[in-house]
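Close look at the chain arrangement
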Amino acid sequence: MNLDAIEKRLDLSYEMRIEDLEAITPHLVGPPGVGKSSIVREYAEKKAHQLQKQFIDYDNLTPNDIEHIAESPDKYYLFADKRLTSLDPIDLSGLPRLVNNNQYVMFQPLALAKLLNQTAGLLFLDEFLNESRPNMLSAAYKIVRDHKIGDIALNKQVLVVAASNGSEHSSLSNNIPKPLRDRFDFIQTQAPTIENWTNWMDQQYGTNKWERNILAYLLWKPSDFLTNTNDTLDDNGYEPPATPRGWSFVSIAFAKTDDPQLRESIAKGKLGRVGETLLAFLANKIPPFNELVTTPQVIQSFNIEQKYLVAVTIAEAITHTPQNMSKAKKLLEYIAEKDDRELISALFAFLQKPQRRELFIEVKNNPTILRALEQTGKAL
């Protein structure tokens, strides 16, 4: 399911809660590293903006912050990301305190419950299916079923969202009793497309903060974008899966170092066997952009990996230096004369939409290039 559809499901649950309709807790289920936590946090940030409230992360608050927020709770939108496996039941039920001259006990609410009773916000219960402690499950089920933390009711503007890795992806996953399953809206969460991941990386970190040649690899071998995620017993017990989260880390780390040994360690340590294939792909050296322009004939001897890297090099040159557009036109004409459709399609795939449109405008009156583009389009 794509991001837009997931956000609509979350919005629907929020609206139904606000209107006192059927209370359902969205529960994102999917492989590790596909962005479940990021989706929920980004949704919360958008919702805070939509409600014209200040977004605050509970984990970053000091005791003084908590008191300050409690004085004007209507101004804030509280996001709390809690992994059930790292909590104790008392973290949800509150602390027992004797009152009225020790006549009876009442539970003193913890700060999280106090704030979520007064503010708008989102309570994110991560690793939900990994929890197996009966007393912890009882406290978590109460949140899902009654929208209460202990005896403290959540504000109507608080949405509860759960997330888990499915049993095929985690040996720690446990079954939920069927009556409780009825309290959830299960949302199957898939990996983003490579294009969506690329756009997200650019938005989060900027085009210069991550290694673009890794994008060439993923377009060359898209099946490695999400692989080795099933939790089986036939591996060494610690080899990491290749996931969008892993690719993000490696892309950023590679942009910070060109040390071959360090890169090898990073690739294998975060992507496992896939990292070895990535390193072999990147070992194919190609000339810089200006050299490709002056001696385009070198492309004829390149293998498929090198051609993908050529496409990245041209796209980067156009993106970062618009004046390179005319040089790229000459290079594209040579590629078109050789009818190298794979390289043409890779180039346009690597270009961002504005540059893709500009390049097309630049070359649309060139019959050789236009014919090659048409043939490439038909082939695709």
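Figured I'd write up the structure that's included with this text. (Residues numbered from 1 in each chain as written. Predicted model: local features only at pLDDT ≥ 70, side-chain atom pairs only at ≥ 80, totals over all residues. Heavy atoms only, no water.)

Examining the overall build of the protein chain
In terms of helices and strands, the protein chain carries 18 helices and 10 strands. Here the protein chain holds 380 residues, and the buried ones make up 46% of them. Nonlocal contacts in the protein chain, meaning residues at least 24 apart in sequence, comprise 71% of its contacts between residues at least 6 apart. Taken as a whole, the protein chain presents about 19,600 Å² of accessible surface, with 49% of it coming from carbon and sulfur. Between the averaged position of the 43 positive side-chain charges in the protein chain and that of its 49 negative side-chain charges there is a distance of 3 Å. (Helix = DSSP H or I, 4+ residues; strand = E, 2+ residues; numbered from the N terminus. Buried < 20%, exposed > 50% of the residue type's maximum accessible area, 1.4 Å probe, protein only. Contact = heavy atoms within 4.5 Å. Areas by Shrake-Rupley, 256 points an atom, 1.4 Å probe, with all protein chains shown as cover. Lys, Arg positive; Asp, Glu negative; His and termini not counted. Charge placed at Lys NZ, Arg CZ, Asp CG, Glu CD.)

Focus: the layout of surface pockets
What the second largest pocket holds in volume is close to 330 Å³. Residue lining of the second largest pocket: 14 residues in total, with Asn213, Arg263, Leu282, Ala283 and Lys285 positioned closest to the centre. Within the residue set of the lining of the second largest pocket, elements represented by two or more residues are α11 (260-271) and α12 (273-282). For the lining of the second largest pocket, the element with the most residues is α11, which contributes three residues. The class makeup of the residues in the lining of the second largest pocket is seven nonpolar, two polar and five charged. (1 Å grid on protein atoms, 1.4 Å probe; cavity = no way out; pocket = protein on both sides within 12 Å on 5 of 7 lines; lining within 4 Å. Points joined across faces, edges and corners; volume = space filled by probe spheres on them. Nonpolar A, V, L, I, M, F, W, Y, C, P; charged D, E, K, R; others polar.)

Description of unusual backbone geometry
The phi dihedral of Asp20 is positive, around 60 degrees, even though this residue is not glycine. Of note in the backbone geometry, His147 takes a positive phi value of approximately 55 degrees without being a glycine. Here His147 lies in the loop between α6 (134-146) and β7 (148-149). Assessed through its relative accessible area of 6%, His147 is described here as buried.

Brief notes about the environment of Ala346
Here Ala346 lies in helix α16 (residues 341-350). The exposure class of Ala346 is buried, given its relative accessible area of 7%. Each C-alpha atom, one on Ala346 and one on Ala311, is 5.9 Å from the other, the two residues being 35 residues apart in sequence. Not counting the four nearest positions on each side in its chain, Ala346 is found in contact with Tyr308 and Ala311.

Regarding the nonpolar core
Among soluble globular proteins, nonpolar side chains are generally buried collectively. Counting residues in each nonpolar core, the largest one holds 53 residues, and the members touching the most others are Trp247, Leu278, Ile314, Phe350 and Leu359. If you tally residues by element for this core, the top one is helix α14 (residues 304-320), at nine residues. Leave out the neighbours within four places in its chain, and Trp247 touches Trp197, Ile214, Tyr217, Leu218, Asp224, Phe225, Ala242, Leu271, Val274 and Leu278. Residues Leu84, Ile143, Val144 and Phe184 belong to the second largest nonpolar core, which totals 34 residues. (Core = buried A, V, L, I, M, F, W, Y, C linked by side-chain atoms within 4.5 Å.)

A look at the packing of helix α15 (residues 325-337) against α16
With their axes 9 Å apart at the nearest point, α15 and α16 run at an angle of 145 degrees to one another. When α15 is examined against α16, the residues Leu332, Ile335 and Ala336 are found in contact with a partner set consisting of Leu343, Ile344, Leu347 and Phe348. (Axes fitted to C-alpha atoms, helices over the stretch in contact; angles between N-to-C directions.)

Side note on the sheet that holds strand β6 (residues 120-126)
With respect to topology, six strands assemble into an open sheet ordered β2-β3-β6-β9-β1-β10, the strand pairing being parallel. For this open sheet the edge positions go to β2 (54-57) and β10 (184-188), each flanked by a neighbour on one side alone. Strand-to-strand twist across the sheet, computed as the mean angle between neighbouring axes with direction ignored, equals 20 degrees. As paired elements, strand β1 (residues 25-29) and β10 share five bridges and run parallel to each other. (Pairing = 2+ DSSP bridges.)

Observations regarding the pairing of β1
Regular strands show a simple pattern: their side chains alternate between the two faces of the sheet. Judged by how many residues are buried, β1 sits mostly within the fold: five of five residues are covered. Pairing of β1 with strand β9 (residues 158-164), which is carried by three bridges, proceeds in the parallel orientation. If you follow Leu28 over to β9, its bridge partner there is Ala163.

A short note on the packing of helix α9 (residues 213-220) against helix α10 (residues 244-256)
In the contact formed by α9 and α10, the axes pass within 9 Å of each other and the chain directions differ by 145 degrees. Contacts between α9 and α10 involve Ile214, Tyr217 and Leu218 from the former and Trp247, Val250, Ser251 and Phe254 from the latter. Among the residues forming the contact of α9 with α10, the class breakdown is six nonpolar, one polar and no charged.

Focus: the environment of Ile69
Residue position: Ile69 is located in helix α3 (residues 63-71). Residue Ile69 is classed as buried on the basis of its relative accessible area of 3%. Once the C-alpha coordinates of Ile69 and Thr119 are considered, the two residues, 50 residues apart in sequence, prove to be 8.6 Å apart. Not counting residues within four places of it along the chain, the set of residues in contact with Ile69 comprises Ile56, Leu61, Tyr76, Leu115 and Thr119.

Topic: the environment of Glu374
As for its position among the elements, Glu374 is in helix α18 (residues 367-379). Put simply, Glu374 and Arg341 are 33 residues apart on the chain and 9.8 Å apart in space, counted from C-alpha to C-alpha.

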